[in-house]
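Here's the letter readout for the chains.
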Amino acid sequence: QVQLVESGGGLVQAGGSLRLSCAASGSIFRINVMGWFRQAPGKQRELVATITGYGSTNYADSVKGRITISRDNAKNTVYLQMNSLKSEDTAVYYCVAGRLANLDPLSYAYWGQGTQVTVSS
């Protein structure tokens, strides 16, 4: 069992920055990749970014150049640094963990509860 707890969401002005955190606990050895999905109102879930234990990263085209995913292995925590935020970034952001990086949400066995990010203009 792996538990994921997100934090850092909130309201931010367009053009501003926000950093999301996801702390993992439990059977950490069961996971190889962590990442972030987001779901905006009326839209499907979208994979934002992933990071492996080796440090390999992948990003959605819509956020490349504006966000950075990173990890702190000592804290079993991943971060999503978001800059130059747009109203289109408004969504519930979910931390995920699994064995392989994949665009399919079903590939990730573990999900956090989600944290709301709202970008105002």
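Residues numbered from 1 in each chain as written. Predicted model: local features only at pLDDT ≥ 70, side-chain atom pairs only at ≥ 80, totals over all residues. Heavy atoms only, no water.

Chemist: Can you walk me through the environment of Cys-22 in this structure?
Modeler: Along the chain, the position of Cys-22 falls in strand 3 (residues 18–26). Residue classification places Cys-22 among the buried positions, given a relative accessible area of 0%. Considering only alpha carbons, one finds Cys-22 and Ser-62, 40 residues apart in sequence, at a separation of 21 Å. In contact with Cys-22, other than residues within four places in its own chain, are Leu-4, Val-5, Glu-6, Met-34, Trp-36, Asn-76, Thr-77, Val-78 and Cys-95. (Helix = DSSP H or I, 4+ residues; strand = E, 2+ residues; numbered from the N terminus. Buried < 20%, exposed > 50% of the residue type's maximum accessible area, 1.4 Å probe, protein only. Contact = heavy atoms within 4.5 Å.)

Chemist: Would you explain unusual backbone geometry in this entry?
Modeler: Positive phi, close to 50 degrees, is recorded for Asn-76, a residue that is not glycine. Its identity is not glycine, yet Ser-84 carries a phi of approximately 50 degrees, on the positive side. Within the fold, Ser-84 resides in the loop between strand 8 (77–82) and strand 9 (91–98).

Chemist: Please clarify how the pattern of salt bridges should be interpreted in this entry.
Modeler: Note on pairing: side chains with opposite charge can pair once their charged atoms come close. As enumerated under the stated definition, the model contains 4 salt bridges in all. The salt bridge involving Arg-38 is made with Glu-46; its shortest N-O contact spans 3.0 Å. The exposure class of Glu-46 is partly exposed, given its relative accessible area of 29%. Between Asp-89 and Arg-66 there is a salt bridge, with its nearest N and O atoms 2.8 Å apart. One end of the pair, Asp-89, is in the loop between strand 8 and strand 9; the other, Arg-66, is in the loop between strand 6 (57–59) and strand 7 (67–72), with 23 residues separating them in the sequence. (Salt bridge = Lys/Arg side-chain N within 4 Å of Asp/Glu carboxyl O.)

Interpretation note: all reported values are geometric properties and have no functional meaning in isolation.
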